[in-house]
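Chain by chain, the residues:
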Amino acid sequence: LDEPALVIGHSFGAMIALDMAIRHPEQVKGFAALNAIYQRDSKAQAAVASRAESLDGKMTADPVKTLERWFGSAVSPQREACREWLCTVDPAGYRSAYRVFANENGPQEQELKTITCPALFLTGQLEPNSTPAMSKSMAALVPDGRAEVLPNAAHMMPMTHAEQVNAILADFLKARS
């Protein structure tokens with residue numbers, strides 16, 4: 001970055017945004033972490049580890065269970081777009097990235113307490129993996145943190161609830177510009 005920036009990340013990108021705020025506070029003047037993970041319980045850790053282990057890096061994984069976690073059973077253009085992405089992804093790259101995700105458990109409590117910039121933690125009410133409780137816990141630890149939970153939204157809320165997500169982000173950005 002040429003100058004301090006507002007950083008926004010979704011899912012894996014939220015992990016990156018959080019890491020940037022912790023490791024490079026001089027470069028981040030605020031961030032929004034959408035659907036960020038934090039201290040998964042043992043059941044969630046086992047599930048994500050099992051999914052990571054099932055990826056062989058050679059064949060594309062069946063996207064059905066992932067799509068159900070992200071969208072439920074409803075058919076939509078957003079679901080179809082994600083199905084297409086998941087079916088055409090490089091299996092080796094996906095395996096590598098997913099293993100990083102599976103071995104990550106979000107920032108440490110003490111790291112969150114050191115964040116000095118404004119922080120927004122946004123997740124969906126129906127999100128089973130980066131839960132509303134996780135967002136609220138992280139926001140409570142960041143001195144200038146806040147959590148928002150989008151009703152009737154799950155993991156792919158930037159796609160399924162784009163208008164609401166963009167409005168929340170625009171308000172957050174406007175207050176920091």
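First things first, this report covers the structure right here in the doc. What you see is a predicted model; the values in this text were computed from it and never measured.

### Re the packing of aromatic side chains
The description of an aromatic ring pair rests on the distance of the ring centres and on the angle between the ring planes. For the coordinates displayed, the defined rule picks out 3 aromatic pairs. Judged by centre distance (5.9 Å) and plane angle (35°), the ring pair of Tyr94 and Tyr98 falls under tilted. Pair noted here: Tyr94 and Tyr98 are both in helix H5 (residues 91-103), with a separation of 4 residues, about one helical turn. With a relative accessible area of 23%, Tyr94 lands in the partly exposed category. By way of ring pairs, the aromatic residues Tyr94, Tyr98 and Phe101 are connected into one cluster. The cationic tip of Arg40 hangs over the ring face of Phe101; the distance from NZ or CZ to the ring centre is 4.6 Å.

### Side note on the side chain of Ser11
As for its position among the elements, Ser11 is in the loop between strand S1 (5-10) and helix H1 (12-23). A polar side-chain atom of Ser11 sits 3.0 Å from a polar atom in the side chain of His155. Dropping the residues within four chain positions of it, Ser11 is found in contact with Leu34, Asn35 and His155.

### Some remarks on H5
Over its 13 residues, H5 extends 18 Å from the first C-alpha to the last, a length consistent with the 18 Å expected when each residue adds 1.5 Å. Along H5, the residues classified as buried are Pro91, Tyr98, Phe101 and Ala102. Buried residues of H5, seen end-on, are gathered within an arc of 95° and therefore sit on one face of the element. Contact partners of the buried residues in H5: H1, helix H2 (42-54) and helix H3 (64-71).

Reading the values: rules and limits
Residues numbered from 1 in each chain as written. Predicted model: local features only at pLDDT ≥ 70, side-chain atom pairs only at ≥ 80, totals over all residues. Heavy atoms only, no water. Phe/Tyr/Trp six-rings, centres within 6.5 Å; stacked < 30°, edge-to-face > 60°. Helix = DSSP H or I, 4+ residues; strand = E, 2+ residues; numbered from the N terminus. Buried < 20%, exposed > 50% of the residue type's maximum accessible area, 1.4 Å probe, protein only. Lys NZ or Arg CZ within 6 Å of the ring centre and 35° of its normal. Polar contact = N/O pair within 3.5 Å; in protein donor to acceptor, adjacent residues only side chain to side chain. Contact = heavy atoms within 4.5 Å. Expected span 1.5 Å × (residues − 1). Arc of directions from axis to C-beta.

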